[in-house]
Amino acid sequence: MKAMVVFGTRPEAIKMCPLILELHKHRKIETKICVTGQHKEMLAQVMEAFGIKADYNLSVMRDKQTLSMITSSILVGIDELLEKEKPDIVLVHGDTTTSFAAGLSAFYHQIPVGHVEAGLRTHNMQSPFPEEFNRQAVDILSDLYFAPTSKAREQLISEGRLENRIFVTGNTVIDALKTTVRADYENEHLKWAEGSQLILVTAHRRENIGIPMENMFSAIRQVVINNLDVKVIYPIHKNPKVREIASKYLTGCDRIRIIEPLDVFDFHNFINKSYLILTDSGGIQEEAPSLGKPVLVMRDTTERPEGVEAGTLKLIGTSRENIYLETCKLLYDKEVYKLMSHANNPYGDGHASEKIVKLLIEYFM
């Protein structure tokens, strides 16, 4: 059996590297790794951390590149590789342009597609954009569905996917946490934050750039000004528009640190040392609850409703006032904080990769 694993962004890499390591354990499985380079430096950091090297790198990223340009570049590059390698299955992850384009190319070649983290939905094509389209499109193209939760499985069944092709495996990001989080971890930024209520911030969503992101950063600054025991660390995204807004609202305060993006080991350990998380990101909604950290999601929708239902996440939107009030509530109300930090994690037991590989072996061998 030959499997080709395709990914291109940092979040994909964090979730696919544990699966690749599990695939490598099986001699009967030949694994080919293709990265598209949709992210560059951040992608390389994750792969180095897991000790994984790509067989192919499409290096598609260019300055001022549009989604159409990224999609077409990946389609052309993957087309040539599939002709050469002729894998038995192409494994993609989640909701990226890489996953959509790779899945579409595999479909054109009549090669089965396995979708890791299948079945997530917001049912709003504009939120997140273009991720909601990507994940729905990949599920239309896929042959095997590795759903992280039973709710995701139910969603796929409701859309007419074959029940015997849908498997609840948990989320592979929990697998990653087992190897990345260390009790003895130290870092200069965390030493700076010792003794404070540390808020870890991630914000980069395309649809939030502009007024929503200005509201986020303005609210965060106000939280810090009004709470002397609070410090904020923000590993900032590479997007220059995000950096411009962050510079306007978050600089000049000695209890806010904007730092460069962290590799996966550092990032997971920063989560573990934080008091709470403010984010508009996706994967951290699964990572943080696994470490007992409350997550306030600065979005109006989430494709991870299991976390909201379990009480580990709370959708707070992008209004300045609501972000400020909800953050302060977690800082002041210990009972509310305890309920969120001790809620049951719905995203699996840390053995998702093993389950996926076992299912692939049963299907192909």
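Look above for the structure.
J.: For helix α11 (residues 264–273), give the residues involved together with the corresponding values.
T.: For an α-helix, 3.6 residues make a turn, and residues three or four places apart therefore share a direction. Most of α11 is tucked away, with seven of its 10 residues classed as buried. Those residues of α11 not exposed but buried are Val-264, Phe-265, Phe-267, His-268, Asn-269, Phe-270 and Ile-271. At the N-terminal end of α11, a side-chain oxygen is found 3.0 Å from the backbone nitrogen of Phe-265, two or three residues along, and the residue is Asp-263.

J.: I'd like a description of unusual backbone geometry, backed by residues and values.
T.: The peptide bond linking Ser-127 to Pro-128 adopts the cis configuration, its omega dihedral lying at -5 degrees. Tracing the sequence through the fold places Pro-128 in the loop between β5 (113–116) and α5 (131–141). At the junction of Phe-129 and Pro-130, the peptide bond is cis and its omega measures out at 0 degrees in the coordinates. Among the secondary structure elements, Pro-130 is positioned in the loop between β5 and α5. At Ser-59, a position not held by glycine, the phi torsion is positive, near 45 degrees. Looking at the secondary structure, you find Ser-59 in the loop between β3 (56–57) and α3 (67–85). The phi angle at Lys-86 is positive, at roughly 45 degrees, despite the residue not being glycine.

J.: Tell me about the side chain of His-93, and please be specific about residues and values.
T.: For His-93, the location among the structural elements is in strand β4 (residues 89–93). In contact with His-93, not counting residues within four places along its chain, are Glu-12, Lys-15, Met-16, Ser-99, His-115, Val-116 and Glu-117.

Conventions used here
- Residue positions are given per chain, counted from 1 along the sequence in the order it is written.
- This being a predicted model, a pLDDT of at least 70 is required before a residue's local features are given, and a value of 80 or more before pairs of side-chain atoms are given or counted; all residues contribute to the totals for chains, interfaces and linings.
- Hydrogens and waters are ignored; side-chain quantities use all the structure's heavy atoms.
- For the exposure calls, accessible area comes from a 1.4 Å probe over protein chains only, and a residue counts as buried if that area is under 20% of its type's maximum, exposed if over 50%, partly exposed in between.
- The helix and strand labels rest on DSSP assignments: H or I over at least four residues marks a helix, E over at least two residues marks a strand, and numbering proceeds from the N terminus.
- By the criterion applied in these results, polar contacts are pairs of N or O atoms within 3.5 Å in which, for protein atoms, one can donate a hydrogen and the other can accept it, and in which residues neighboring in sequence qualify only through two side-chain atoms.
- Two residues qualify as a contact provided that any one of their heavy atoms is within 4.5 Å of a heavy atom in the partner residue.

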